[in-house]
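Read off the chains here:
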Amino acid sequence: MNHASESDPITLFRSNWATYQKLLEHNYMFHHELVRASQGLIQSMNRPLSLVDLGCGDASLSQALFKNNQISRYIACDLSQPALQLAKANLAPWSSQLELNCLDMLEQLRQIPDCALDLVFSSYAIHHLNDQSKLALFKECFRVLKQSGSFVLIDVMRNDGQSRDDYLDQYLCMVENNWVAISSIERARITEHVRANDFPLSPSEYQALAHQVGFHQEDLLDAHGFHQAWAYQRLS
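Structural notes, computed from the coordinates. Source: prediction; values computed, not measured.

### Side note on the nonpolar core
Point 1. Formed by 45 residues in total, the largest nonpolar core has its most connected members in Phe66, Tyr74, Leu91, Tyr171 and Trp179.
Point 2. The element contributing the most residues to this core is helix H8 (residues 164-178), with six residues.
Point 3. When residues no more than four places from it in sequence are discounted, the contact partners of leucine 91 are Ala59, Gln63, Tyr74, Ala76 and Leu98.
Point 4. Ile75, Ile112, Phe138 and Val213 belong to the second-largest nonpolar core, a separate cluster that totals 32 residues.

Pasting the structure below:
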């Protein structure tokens with residue numbers, strides 16, 4: 001997450017663990033399918049991986065994502081210190097390779113040398129950034145990746161040509177109608193936070209950002225409506 005404040009989504013999706021766990025348990029954001037699709041690509045890299053996990057939260061999904069990989073270096077960052085304490089436990093299999101940092105995503109990336117990593121991974125985090133910060137993040141991801149390294153992004157995305165207002169209306173209608181396992185109070189809080197803090201781009205807009213900074217190959221790994229997983233590969 002980029003800024004921690006009372007109105008930031010980190011308050012809901014990272015600090016309100018009861019709601020967050022319900023979202024995972026009922027798979028409302030298709031975490032399981034998107035992680036499984038990302039896992040296929042990551043396992044195909046077939047080498048010990050050096051990686052950064054941006055906005056890692058409690059890293060419970062990352063634990064599943066990387067369970068079949070050898071890890072040479074695992075950097076994980078989040079602005080929630082309680083989340084990082086949970087991440088430490090979830091990432092215990094790689095404790096000797098693990099660096100946990102209470103930093104925002106851009107600050108973390110800027111501390112990593114050029115061409116140092118095989119993988120950048122982020123799940124449901126960068127849609128909270130403004131467009132300028134998204135561009136800066138893509139630039140930093142490209143810079144820190146080795147040749148043939150990948151930036152794997154799981155996030156919400158607008159439809160191509162869709163306005164933010166229309167996206168918000170459609171997404172929050174889905175929340176109200178389909179997320180029945182969470183209370184009406186929780187859904188109202190989600191609505192408030194999403195309207196104030198979510199700024200997703202469309203796949204073509206992310207593709208344009210990627211090409212602007214030097215990525216020239218992108219692959220759709222899986223998509224379930226607004227919830228999608230993409231990989232952007234550094235080829236040079």
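From this point, things continue past the structure.
### Here we look at unusual backbone geometry
Point 1. Look at alanine 59: it is not a glycine, yet its phi comes out positive at around 65°.
Point 2. Within the secondary structure, alanine 59 is located in the loop between strand S1 (49-54) and helix H4 (60-65).
Point 3. In this structure, serine 148 takes a positive phi of about 75° despite not being glycine.
Point 4. Note that serine 148 resides in strand S5 (residues 145-156).
Point 5. A relative accessible area of 32% means that serine 148 is categorised as partly exposed.

### Topic: the pairing of strand S6 (residues 217-224)
Point 1. Two elements, S6 and strand S7 (residues 227-233), share seven bridges in a ladder whose sense is antiparallel. What sits directly across from histidine 224, in S7, is histidine 227.

### With respect to the pattern of salt bridges
Point 1. Per the counting criterion, the structure on display carries 10 salt bridges.
Point 2. One salt bridge in this structure joins arginine 143 and glutamate 140, with 2.7 Å as the shortest N-O distance. Of this pair, arginine 143 and glutamate 140 both sit in helix H7 (residues 131-144), separated by three residues, roughly a single helical turn.
Point 3. Within this structure, Arg47, Asp118 and Lys146 form a network of salt bridges that share partners.

What counts and what doesn't
Residues numbered from 1 in each chain as written. Predicted model: local features only at pLDDT ≥ 70, side-chain atom pairs only at ≥ 80, totals over all residues. Heavy atoms only, no water. Core = buried A, V, L, I, M, F, W, Y, C linked by side-chain atoms within 4.5 Å. Buried < 20%, exposed > 50% of the residue type's maximum accessible area, 1.4 Å probe, protein only. Helix = DSSP H or I, 4+ residues; strand = E, 2+ residues; numbered from the N terminus. Contact = heavy atoms within 4.5 Å. Pairing = 2+ DSSP bridges. Salt bridge = Lys/Arg side-chain N within 4 Å of Asp/Glu carboxyl O.

These figures capture arrangement, not role.
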